[in-house]
Amino acid sequence: MLPAIPRWKIAAGVVGVAVLTAVVVTALWWAGTRGLDGKDLVTARLDALKTGLSIGVGGGGLFALYLAWRRQRSTEADLDNRERTLAHQLVVAAKTEAHQERVAAATERDAEARRITDLYTKAVEQLGSEKAPVRLGGLYALERLAQDHAEQRQTIVNVLCAYLRMPYDLPEQAPEPGADKDLLLEHRERIQEREVRLTAQRLLATHLRPGPDENTPAATFWIDIDIDLTGATLIDLELDACTIRAARFSEAIFTGITRFNGATFTHTAWFNGATFTHTAWFNGATFTHTARFNRATFTDTAWFKEAIFTHTAWFTGVTFADIAWFNGVTFTDAAWFEGATFTHTAGFNGVTFTGIAWFEGTTFTSNASFDGATFTDDTAFDAVTFTGDARFTGATLPDARYVDDTTPSPWTSFVGARFERGVRAEVERFVSAPEKETEDDTETW
């Protein structure tokens, strides 16, 4: 911004212009009239006066232009300064507003975090109540909290799983009406606790189902959830069509019917040492990572029909006390059944073993059927015991060398089976075994 011109300087400029005019007029008056007289003198003096006045007027005009220029520059500088001042004020205001918004947002977040913490704490405290209705209220409070706050879902699922892992004894037969009061109360509490646990299981199932449309999951679906139910006592667990990331059920006790039909495990599924006390359904289930069932016990029918194992499947040392149905299953990686025990019908019809199929030391005490099964990699039936019928009709095996020391039943048959690298003597015994004569040869395997 240009400084303002003081009034005394303006006055001095005007006086200076006047003096300059006078000096010029005087100089021209005397210098231009020497030696002249009469009419020429008058004319010369008039010309000198006009010239001096013209110079004075011109000087005054220049001074006026200078003053106007200074005024214009001062005005422009003042406007520019005002604009800069206004811009600075706007920047300061924006920064102040942004800071206030950050403070408000932080305050709101803190308040929300405190509110979530309070809700979470109260709900967890409810789970510790001695009254079953209060515990149920705690479950639903946690579910609502998780539904509204996605970042809390895994934590709340962990709490639900931890609750289900707590020791629990199923209610036995109801005591007689006249039984001891404490026995009646204990039985009642166990029944109530069973309802609480069934509710927790249903809540998990509800939020692990993505729904029928893969592209548009249900609003209630909680994606990428891990569950840890190691050692839990689970009652009629129903997780059909659920999608679970990592699932841990090792040493769990599945009471009642267990359902995993159409379930998808996107990470490792652990069932090591689990006990299934009733029918277990895994039909159409997909295991996209390692599936571990080592040392598990199936005391009733085990259904794995058309399940898909895209990674290693471990069934080492598993006990199947009833029908084991693996018909149509696809094993795209190694399948380990080493040391497994099948005490009832074992169905592997149409199974595809793309990787290693290892049945070394397996015991089949009843019928075993591998009709139409395909073995495309190393296949081990070393030291296998077939007590009942064993059929490999139409099966494709890569080599016979893996049947050393196998104990066949009288009705072990490889009729129609194809061995890609020849048949050894041990297998020839099986192939030459007489076919079983039965009145009804239409039994479905």
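Residues numbered from 1 in each chain as written. Predicted model: local features only at pLDDT ≥ 70, side-chain atom pairs only at ≥ 80, totals over all residues. Heavy atoms only, no water.

Caption draft 1: Structural context of the overall build of the protein. Counting its regular elements, the protein contains 6 helices and 33 strands. When each of the 445 residues of the protein is scored for burial, the buried share is 38%. Counting contacts in the protein only where the partners sit at least 6 residues apart, residues at least 24 apart contribute 25% of the total. As displayed, the protein has an accessible area near 23,900 Å², and 56% of this comes from carbon and sulfur atoms. (Helix = DSSP H or I, 4+ residues; strand = E, 2+ residues; numbered from the N terminus. Buried < 20%, exposed > 50% of the residue type's maximum accessible area, 1.4 Å probe, protein only. Contact = heavy atoms within 4.5 Å. Areas by Shrake-Rupley, 256 points an atom, 1.4 Å probe, with all protein chains shown as cover.)

Caption draft 2: Representation of the packing of aromatic side chains within the structure. Under the defined criterion, the tally for this structure stands at 63 aromatic pairs. Residue placement shows Arg292 over the ring face of Trp270; its charged tip is 5.0 Å from the ring centre. (Phe/Tyr/Trp six-rings, centres within 6.5 Å; stacked < 30°, edge-to-face > 60°. Lys NZ or Arg CZ within 6 Å of the ring centre and 35° of its normal.)

Caption draft 3: Geometry of the pattern of salt bridges. Using the criterion set out here, one finds 6 salt bridges in the structure. Residue Glu193 is joined to Arg197 by a salt bridge in which the shortest nitrogen-to-oxygen separation is 3.0 Å. Of the two residues, Glu193 and Arg197 are both situated in helix H5 (residues 181-207); the distance of 4 residues between them amounts to about one turn of the helix. Accessibility expressed as a relative area gives 1% for Arg197, which makes it buried. Taken together, the shared-partner salt bridges connect Arg135, Glu193 and Arg197 into one network. (Salt bridge = Lys/Arg side-chain N within 4 Å of Asp/Glu carboxyl O.)

Caption draft 4: Focus on the sheet that holds strand E25 (residues 363-364). Strand order across the open sheet formed by 8 strands is E2-E5-E9-E13-E17-E21-E25-E29, with parallel pairing between neighbours. Because the sheet does not close on itself, it has two edges, and the strands there are strand E2 (233-235) and strand E29 (385-386). (Pairing = 2+ DSSP bridges.)

Caption draft 5: Representation of empty space enclosed by the protein within the structure. Summed over all chains, the structure comprises 1 cavity of 30 Å³ or more. Taken together, Gln201, Leu204, Ala205, Leu208, Ile227, Leu229, Leu237 and Leu239 make up the lining of the largest cavity. Examining the composition of the lining of the largest cavity, we find that 3 residues originate from one element, H5, more than from any other. The class makeup of the residues in the lining of the largest cavity is 7 nonpolar, 1 polar and no charged. (1 Å grid on protein atoms, 1.4 Å probe; cavity = no way out; pocket = protein on both sides within 12 Å on 5 of 7 lines; lining within 4 Å. Points joined across faces, edges and corners; volume = space filled by probe spheres on them. Nonpolar A, V, L, I, M, F, W, Y, C, P; charged D, E, K, R; others polar.)

Caption draft 6: Summary view of helix H4 (residues 153-165). Its 13 residues place the ends of H4 18 Å apart at the C-alpha level, agreeing with the 18 Å of an ideal helix rising 1.5 Å per residue. Buried within H4 are the following residues: Arg153, Ile156, Val157, Val159, Leu160, Cys161, Tyr163 and Leu164. (Expected span 1.5 Å × (residues − 1).)

Caption draft 7: Molecular detail of the nonpolar core. Counting residues in each nonpolar core, the largest one holds 85 residues, and the members touching the most others are Phe249, Phe271 and Phe326. If one sorts the elements of this core by residue count, H4 sits on top with 7 residues. For Phe249, the contacting residues outside a window of four places in its chain are Ile227, Leu229, Leu234, Leu237, Leu239, Phe254, Phe260, Trp270, Phe271 and Ala274. (Core = buried A, V, L, I, M, F, W, Y, C linked by side-chain atoms within 4.5 Å.)

Caption draft 8: Examining the sheet that holds strand E8 (residues 269-270) more closely. Read from one edge of the open sheet, 8 strands run E1-E4-E8-E12-E16-E20-E24-E28, paired in parallel fashion. Bordering the open sheet on either side are strand E1 (227-228) and strand E28 (379-380), each of which pairs with just one other strand.

Caption draft 9: Structural detail: the packing of helix H3 (residues 132-148) against H5. Where H3 contacts H5, the axes come no closer than 9 Å and their chain directions differ by 10°. With respect to their mutual orientation, H3 and H5 come out roughly parallel. Residues Ala132, Arg135, Leu136, Leu139, Tyr140, Glu143 and Gln147 of H3 form the contact with H5, whose own contacting residues are Gln192, Glu193, Glu195, Val196, Thr199, Ala200, Leu203 and His207. Split into classes, the residues belonging to the contact of H3 with H5 amount to 7 nonpolar, 4 polar and 4 charged. (Axes fitted to C-alpha atoms, helices over the stretch in contact; angles between N-to-C directions. Parallel < 35°, antiparallel > 145°, perpendicular 65-115°, else oblique.)

Caption draft 10: Focus on the packing of H4 against H5. Taken N-terminus to C-terminus, the directions of H4 and H5 make an angle of 145°; their axes are 10 Å apart at the nearest point. The handedness of the crossing between H4 and H5 is left-handed. Contact residues: Val157, Leu160, Cys161, Tyr163 and Leu164 in H4; Glu193, Val196, Arg197, Ala200, Gln201 and Leu204 in H5. (Left-handed = near helix turned anticlockwise from the far one by under 90°.)

Caption draft 11: View of the environment of Asp378. On the secondary structure map, Asp378 appears in the loop between strand E27 (374-375) and E28. Judged by relative accessible area, Asp378 falls into the partly exposed class, the value being 29%. Spatially, the C-alpha atoms of Asp378 and Trp358 are 7.8 Å apart, while their sequence positions differ by 20 residues.

Caption draft 12: View of the confidence of the model for the protein. Mean pLDDT over the protein stands at 81; residues scoring 70 or higher make up 74%. Within the model, the stretch residues 417-445 combines pLDDT values under 50 with 55 contacts to residues more than four positions away or in other chains. (pLDDT = per-residue confidence, 0-100.)

Caption draft 13: Broad picture of H3. With 17 residues, H3 should reach 24 Å at 1.5 Å per residue; the first-to-last C-alpha distance of 25 Å fits that figure. The set of residues buried in H3 consists of Ala132, Arg135, Gly138, Leu139, Ala141, Leu142, Glu143, Leu145 and Ala146.

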